[in-house]
Amino acid sequence: MTADLSVQQLVNKPTRGENTLDLMFTSHPGHLERCKTLPPIGNSDHDIVLLDLAAKVTRPKPTSRTINLWKKANMEGINKSLTDNFTEFQTTNFSDINAMWNKFKSIIMKAMTTYVPTKQTKERYSHPWMNTQLRKISNSKQRAYTKAKRGESG
């Protein structure tokens with residue numbers, strides 16, 4: 001079966017008594033640096049298998065994102081732009097619903113790009129458990145620490 005799948009079994013020492021029960025398979029045996037067994041922990045009857053692999057872990061390059069800054073948006077400009085384009089939209093005879101949607105979407109996108117400022121961000125290597133609430137708490141802790149370090153009270 002290992003030959004059919006082009007994998008090799010790495011554990012070659014007994015892991016329970018005289019039997020090799022704990023197995024590790026790889027398709028890249030050249031990455032193996034060391035494979036040995038250690039004595040069991042507690043009252044377990046299985047030896048521990050210690051594997052050292054020479055594998056390079058790569059992270060994906062962070063992607064750049066565009067964020068709309070709605071707090072700084074020119075809402076009067078957006079209102080005027082949408083009002084001006086509404087009459088043109090109403091009088092146009094569309095061939096199908098997709099053409100109508102594309103026109104509607106282009107009007108909205110044009111108003112957004114004209115009147116809503118944006119900024120570019122690069123995502124850092126983020127932790128999946130770090131949500132907005134935890135980030136706010138962490139930032140608050142950091143501000144309090146910095147304030148205390150400067151000797152400010154309160």
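Values in this document were obtained by computation on a predicted structure and should not be read as measured data.

Thresholds applied
- Residues numbered from 1 in each chain as written.
- Predicted model: local features only at pLDDT ≥ 70, side-chain atom pairs only at ≥ 80, totals over all residues.
- Heavy atoms only, no water.
- Helix = DSSP H or I, 4+ residues; strand = E, 2+ residues; numbered from the N terminus.
- Rg over C-alpha atoms; globule rule 2.2 N^0.38 Å.
- Buried < 20%, exposed > 50% of the residue type's maximum accessible area, 1.4 Å probe, protein only.
- Contact = heavy atoms within 4.5 Å.
- Areas by Shrake-Rupley, 256 points an atom, 1.4 Å probe, with all protein chains shown as cover.
- Lys, Arg positive; Asp, Glu negative; His and termini not counted.
- Charge placed at Lys NZ, Arg CZ, Asp CG, Glu CD.
- Salt bridge = Lys/Arg side-chain N within 4 Å of Asp/Glu carboxyl O.

Visitor: Go over the overall build of the chain with me, naming the residues and quoting the values.
Guide: The secondary structure content of the chain amounts to four helices and six strands. Sequence-ordered secondary structure for the chain, helices as α and strands as β, is α-β-β-β-β-β-α-α-β-α. By the compact-globule yardstick of 15 Å for 154 residues, the chain is too spread out, its C-alpha radius of gyration being 31 Å. Taking the principal axes of the C-alpha coordinates as reference, the chain spans close to 85 × 65 × 30 Å. Residues classed as buried in the chain amount to 10% of the 154 residues present. Expressed as a percentage of contacts within the chain between residues at least 6 apart in sequence, the contacts between residues at least 24 apart total 48%. Within the structure as shown, the chain displays about 13,100 Å² of accessible surface, and the carbon and sulfur contribution to it stands at 54%. Counting 24 positive and 13 negative side-chain charges, the chain places the averaged centre of each group 15 Å from the other.

Visitor: Break down unusual backbone geometry for me, citing the residues and quoting the values.
Guide: You will see that Ser 6, though not glycine, has its phi angle at about 60°, which is positive. By the secondary structure assignment, Ser 6 is in the loop between α1 (2-5) and β1 (8-9). Its relative accessible area of 57% is what places Ser 6 among the exposed residues.

Visitor: Can you lay out the pattern of salt bridges for me, pointing to particular residues and giving the numbers?
Guide: Throughout the structure, instances matching the rule amount to four salt bridges. Between Lys 80 and Asp 84 there is a salt bridge; the shortest N-O distance is 3.1 Å. With a gap of four residues between them, Lys 80 and Asp 84 both fall in helix α2 (residues 75-91), about one helical turn apart. Where Lys 103 meets Glu 88, a salt bridge forms, and the shortest distance between an N and an O atom there is 3.1 Å. One end of the pair, Lys 103, is in helix α3 (residues 97-115); the other, Glu 88, is in helix α2, with 15 residues separating them in the sequence. Note on Glu 88: relative accessible area 37%, which makes it partly exposed.

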